Amino acid sequence: MSLARTGFWFGAVGAAAAATHAAVFGLAKSALWPELANALGFVVAFGVSFVGHRWLSFRGASTGVGQSLLRFAVTAMAGFAVNEIVFSLLLRAAGWPSWLALFAAMGVAAGQTFLLGRFWAFR
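Residues numbered from 1 in each chain as written. Predicted model: local features only at pLDDT ≥ 70, side-chain atom pairs only at ≥ 80, totals over all residues. Heavy atoms only, no water.

Student: Can you walk me through the pattern of salt bridges in this structure?
Tutor: Two side chains carrying opposite charge are able to pair once their charged atoms lie near each other. Under the criterion given, the structure shown has one salt bridge. Note that R92 and E35 form a salt bridge whose closest N and O atoms lie 2.8 Å from each other. With R92 in helix α3 (residues 65–93) and E35 in helix α2 (residues 34–57), the pair connects residues that are 57 residues apart, well separated along the chain. Under the relative-accessibility criterion, R92 is labelled exposed at 53%. (Salt bridge = Lys/Arg side-chain N within 4 Å of Asp/Glu carboxyl O. Helix = DSSP H or I, 4+ residues; strand = E, 2+ residues; numbered from the N terminus. Buried < 20%, exposed > 50% of the residue type's maximum accessible area, 1.4 Å probe, protein only.)

Have a look at this one:
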């Protein structure tokens, strides 16, 4: 699959996963610390992201589903670690509003996730 097509599907799936993440965050943030609401949003969005990337973004992958799931889980956890660090720093140290910090952190993590997904998890 071409890089342009992969990039399109990555963006579409990423947008769906980001919307899921943000929706869960929005529902949970009044009941949980923002960092925990962010983590819950990540967990729920993980399923959307894996299924979409496996069958749309990287459908020509030469890896099996199990191997891709394991690799994607590692990739996603690395992305979430970056997301949570950036989110916490922007929220707590820089004093950004939670929504702005969330979207900035998700953007940083998305770039990392694309590179790891394209060149490792779904290679």
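Okay, back to it.
Student: Even after reading the chapter, I still don't get a nonpolar patch on the surface, so can you show me in this structure?
Tutor: On the surface, L32, W33, L36, L40 and V44 cluster together into a nonpolar patch covering about 490 Å² of accessible area. Relative to the elements of secondary structure, L36 occurs in helix α2. Residue class for L36 comes out partly exposed when judged on its relative accessible area of 44%. (Patch = residues over 30% accessible without salt bridge, like charges linked within 9 Å, V, L, I, M, F, W, Y side chains within 5 Å. Areas by Shrake-Rupley, 256 points an atom, 1.4 Å probe, with all protein chains shown as cover.)

Student: Help me understand the packing of aromatic side chains in this model?
Tutor: Any two aromatic rings considered together are summarised by their centre-to-centre distance and by the angle between their planes. Under the defined criterion, the tally for this structure stands at nine aromatic pairs. Joined through ring pairs, the aromatic side chains of F42, F46, F50, W55, F72 and F80 make up one cluster. (Phe/Tyr/Trp six-rings, centres within 6.5 Å; stacked < 30°, edge-to-face > 60°.)

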